[in-house]
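Chain by chain, the residues run as shown.
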Amino acid sequence: MFLRRRLLSTAAAAARGPPPIRVDVTESAGRGVFATRPVPAGELLHSAQPLVCHPSPSLLNEVCYSCLRRKPGEGRVSSGGSYFCSDACRDHAKGFHDVEKNADWSSFDDHCSSRGLKYPYMAKRLACMVISGAANADCLNILQPARLHQGTLIEMVEEFELLESTFRKAGFQEKVTTFLTKEWYINVLARIRINAFRIELVASSYEDLLSSAAASVLCDASVGNAVYMLPSFYNHDCDPNTHIVWLENVDAKLKALRDIEEGEELRICYIDTSMDVNARQKILADGFGFECQCLRCLSGD
């Protein structure tokens, strides 16, 4: 009965109006997301669709090319070999999928595969989206960029040259690829590297749970990666009050983990919270460029 009341309360709150959040400047971490009213534990704060996403390279034929939903069995396959879970996804992706399938990506893919790279695939997809008119070339500029080391920049230049060469060999006219410069590519990768979420779908049934568990033993449990606008404004905490989940596809759901007060900053955890404080600090410093000052880290937990 309590669970039913909680679910009804959450549904009613969601139906009352816009999300109970605002984006503002924090004292020490740049932009952040804050509650505009008291939020009960379990409430769905908001959902978000990706600016750009891409399936894990090992699962290109196992998850939807558009929304990353896992293939249940027999799926809808396009003439190019990509899997689409519905006609809606096929229609949504048609423009940039047509751009992508009209080029030979073997050299680019071999380069990324041999080095275990995943983010260049997202930059490639964004380029295809821009060429098709599905996205603006500067759509990621509002997001925070990562700090890049010289070795990383050298790798990015090599990736860009392969990307640009592939479009040129495919015969795309220069007027539709004017945006595609080395500076554009580095700018995009710098933002993808620090803002991309690893998408791990929550099972919607017991059978799916068993299937997902078996798949995670054999390969990467992630179905892909995605970059969002609003979720990227959430700051990190090793003891977060909010978390992000993906139920069936790449659409992100932000939910309250506990009761949250009006004006309180909403924070998610970027990493595995089960690690000790030293491991967490190293990963956050190396991967995200900051030293965590949350209460849990300051206490040495």
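A few points on the structure. For clarity, every value in this text was computed on a predicted model and none was experimentally measured. (Residues numbered from 1 in each chain as written. Predicted model: local features only at pLDDT ≥ 70, side-chain atom pairs only at ≥ 80, totals over all residues. Heavy atoms only, no water.)

### Considering the sheet that holds strand 2 (residues 31-35)
Strand order in the open sheet formed by four strands is 1-2-12-9, with mixed pairing between adjacent strands. Every other strand in the sheet has two partners, leaving strand 1 (21-25) and strand 9 (235-236) as the edge strands with one partner each. Where strand 1 and strand 2 come together, five bridges link them in antiparallel fashion. When the bridges of strand 2 are listed, Ile-21 appears paired with Ala-35. (Pairing = 2+ DSSP bridges. Helix = DSSP H or I, 4+ residues; strand = E, 2+ residues; numbered from the N terminus.)

### A look at helix 4 (residues 119-132)
Because an α-helix packs 3.6 residues into every turn, residues spaced three or four apart end up facing the same way. With 14 residues, helix 4 should cover 20 Å at 1.5 Å per step; its first-to-last C-alpha distance of 20 Å lies within 8% of that length. Most of helix 4 sits out of view: 13 of its 14 residues are buried. Backbone geometry just after helix 4 places Gly-133 at a positive phi near 90 degrees. (Expected span 1.5 Å × (residues − 1). Buried < 20%, exposed > 50% of the residue type's maximum accessible area, 1.4 Å probe, protein only.)

### Here we look at the pattern of salt bridges
Note on pairing: side chains with opposite charge can pair once their charged atoms come close. Here the structure, examined in full by the defined rule, presents 14 salt bridges. In this structure, Glu-100 and Lys-124 form a salt bridge, with 3.3 Å as the shortest nitrogen-oxygen distance. A residue pair is termed long-range when its members are at least 10 positions apart, and Glu-100 in helix 2 (residues 87-101) and Lys-124 in helix 4 qualify at 24 residues. Across the pair, Lys-124 and Glu-100 agree in class, each one buried. The shortest N-O distance in the salt bridge between Arg-267 and Glu-265 comes to 3.2 Å. A single burial state applies to Arg-267 and to Glu-265, both of which are buried. Within the structure, one salt-bridge network assembled from shared partners comprises Lys-94, Asp-98 and Lys-101. (Salt bridge = Lys/Arg side-chain N within 4 Å of Asp/Glu carboxyl O.)

### So, the packing of aromatic side chains
Per the counting criterion, the structure on display carries 13 aromatic pairs. Ring geometry for Trp-105 against Phe-108: centres 5.7 Å apart, planes inclined by 75 degrees, an arrangement best described as edge-to-face. Phe-108 shares its class with Trp-105; the two are buried. Judged by centre distance (5.6 Å) and plane angle (80 degrees), the ring pair of Phe-167 and Phe-172 falls under edge-to-face. Take Phe-167: its relative accessible area is 1%, and that puts it in the buried class. For Phe-172, a relative accessible area of 21% gives the class partly exposed. An aromatic cluster of at least three residues, connected via ring pairs, comprises Trp-105, Phe-108, Tyr-121, Phe-167 and Phe-172. Of note, Arg-125 hangs over the ring of Tyr-65, and the distance from its end group to the ring centre comes to 4.0 Å. (Phe/Tyr/Trp six-rings, centres within 6.5 Å; stacked < 30°, edge-to-face > 60°. Lys NZ or Arg CZ within 6 Å of the ring centre and 35° of its normal.)

### Observations regarding the environment of Phe-288
For Phe-288, the location among the structural elements is in helix 8 (residues 277-288). For the pair formed by Phe-288 and Pro-145, sequence separation is 143 residues and the distance between their alpha carbons is 9.8 Å. Contact partners of Phe-288, with chain neighbours within four places excluded, come to Ile-194, Tyr-270, Ile-271 and Ile-283. (Contact = heavy atoms within 4.5 Å.)

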